[in-house]
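Each chain is listed here by its residues.
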Amino acid sequence: RCPDPVSGWDKWKSNFLGFENNWSHPFPVERQTKRTENFSFYHMNVLFVGVNVPGGGMDNEEEWNNRLSDNADWFNDQVNAVKNDDLAGIVLFCHGQNVYKNRKFFKSFARKVEKVDVPTLYIHGDGLEYEKTRFAMDIDNLIEVQIDRGAVAPPLRVEFLRDARRPFEFY
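Residues numbered from 1 in each chain as written. Predicted model: local features only at pLDDT ≥ 70, side-chain atom pairs only at ≥ 80, totals over all residues. Heavy atoms only, no water.

> Before we move on, could you go through the sheet that holds strand β1 (residues 30-31) and cite the residues and values that matter?
Strand order in this open sheet of seven strands is β1-β2-β3-β4-β5-β7-β6, and the pairing throughout is mixed. With one partner strand each, in any of the chains shown, β1 and β6 (131-134) form the two edges of the open sheet. Across the sheet, helix α3 (residues 103-116) touches β4 (89-93), β5 (120-124) and β7 (142-146), and the angle it forms with β5 is around 155°. (Pairing = 2+ DSSP bridges. Helix = DSSP H or I, 4+ residues; strand = E, 2+ residues; numbered from the N terminus. Contact = heavy atoms within 4.5 Å. Axes fitted to C-alpha atoms, helices over the stretch in contact; angles between N-to-C directions.)

> Requested: an account of the layout of surface pockets, with residues and values cited.
Rolled over the atoms, a probe sized like a water molecule indicates the empty space that remains. Roughly 200 Å³ of volume is contained in the second largest pocket. What lines the second largest pocket is a set of 16 residues, and nearest its centre among them are P119, D140, N141, A164 and P167. Looking at the lining of the second largest pocket residue by residue, the class counts come to nine nonpolar, two polar and five charged. (1 Å grid on protein atoms, 1.4 Å probe; cavity = no way out; pocket = protein on both sides within 12 Å on 5 of 7 lines; lining within 4 Å. Points joined across faces, edges and corners; volume = space filled by probe spheres on them. Nonpolar A, V, L, I, M, F, W, Y, C, P; charged D, E, K, R; others polar.)

> Residue-level account of the nonpolar core, with values.
Nonpolar side chains in soluble globular proteins tend to be buried together. Among the nonpolar cores identified, the biggest contains 26 residues, and V51, F75, I90, L92, F105 and F109 are the most heavily contacted of them. For this core, the secondary structure elements donating two or more residues are β3 (46-50), α2 (61-81), β4 and α3. In this structure, F41, V46, V91 and V145 belong to the second largest nonpolar core, which totals 12 residues. (Core = buried A, V, L, I, M, F, W, Y, C linked by side-chain atoms within 4.5 Å. Buried < 20%, exposed > 50% of the residue type's maximum accessible area, 1.4 Å probe, protein only.)

> Can you explain the packing of aromatic side chains? Please cite residues and give values.
Per the stated rule, a full pass over the model turns up 16 aromatic pairs. Judged by centre distance (5.0 Å) and plane angle (65°), the rings of F75 and F109 are edge-to-face. Of the two residues, F75 sits in helix α2 while F109 sits in helix α3, which places them 34 residues apart along the sequence. With respect to class, F75 is no different from F109; both count as buried. Measuring from centroid to centroid gives 5.8 Å for F105 and F109, while their planes differ by 20°, and the two rings are stacked. In this pair, F105 and F109 are both assigned in helix α3, four residues apart and thus about one turn of the helix distant. In terms of burial, F105 and F109 fall into one category: buried. A network of ring pairs unites the aromatic residues W9, W12, F16, F19 and W23 as a single cluster. Taking the ring centre of W64 as reference, the NZ or CZ of R67 above it sits at 5.4 Å. R157 extends its terminal NZ or CZ atom over the ring of Y171, reaching a point 4.6 Å from the ring centre. (Phe/Tyr/Trp six-rings, centres within 6.5 Å; stacked < 30°, edge-to-face > 60°. Lys NZ or Arg CZ within 6 Å of the ring centre and 35° of its normal.)

> So what's going on with the pattern of salt bridges? Residues and values would help.
Under the counting rule described, the total for this entry stands at nine salt bridges. A salt bridge links D10 to K13, with the shortest nitrogen-to-oxygen separation between them at 3.9 Å. Of this pair, D10 and K13 both sit in helix α1 (residues 5-16), three residues apart, which is roughly one turn of the helix. The partner of E20 in a salt bridge is R31, with the nearest N and O atoms 2.7 Å apart. Of the two residues, E20 is situated in the loop between α1 and β1 and R31 in strand β1; the sequence distance between them amounts to 11 residues. (Salt bridge = Lys/Arg side-chain N within 4 Å of Asp/Glu carboxyl O.)

Bear in mind that shape data such as this cannot, by itself, settle questions of function.
Quick look at the structure:
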């Protein structure tokens, strides 16, 4: 649990909000108006979506639930904006795990992932040890990867292979 969530959030925003502006790239990054920490971009027929699903404790249940609803709306809107025939895969980034306090988001996420039926990767860092789960949430096209603690572990490289039997390679 963060000892000073307000200061931690301010530091996160000053270091990561607009991070995509640190280099040149060929794709536009979109941000949710209501929650500018949520982002998406579409590159080589893969949709990348980042949402603010924190780990840790819930200080304000109403705000938490509003955030999860906003996240679900953002994810669904981004998937809906892509023509299904063009969509080859989805990658979701967030910190929090699929645990009870985050179910409001993950129920919606799971329904959408099952419906679009493309290889989907959900990457999070809340558990602090590397773990890979195929058929996550009992969904055939979903792989969950929990990354190691960022300051301790080396970076994780992921390649999208466009192969239904083995859609992602991890290095």
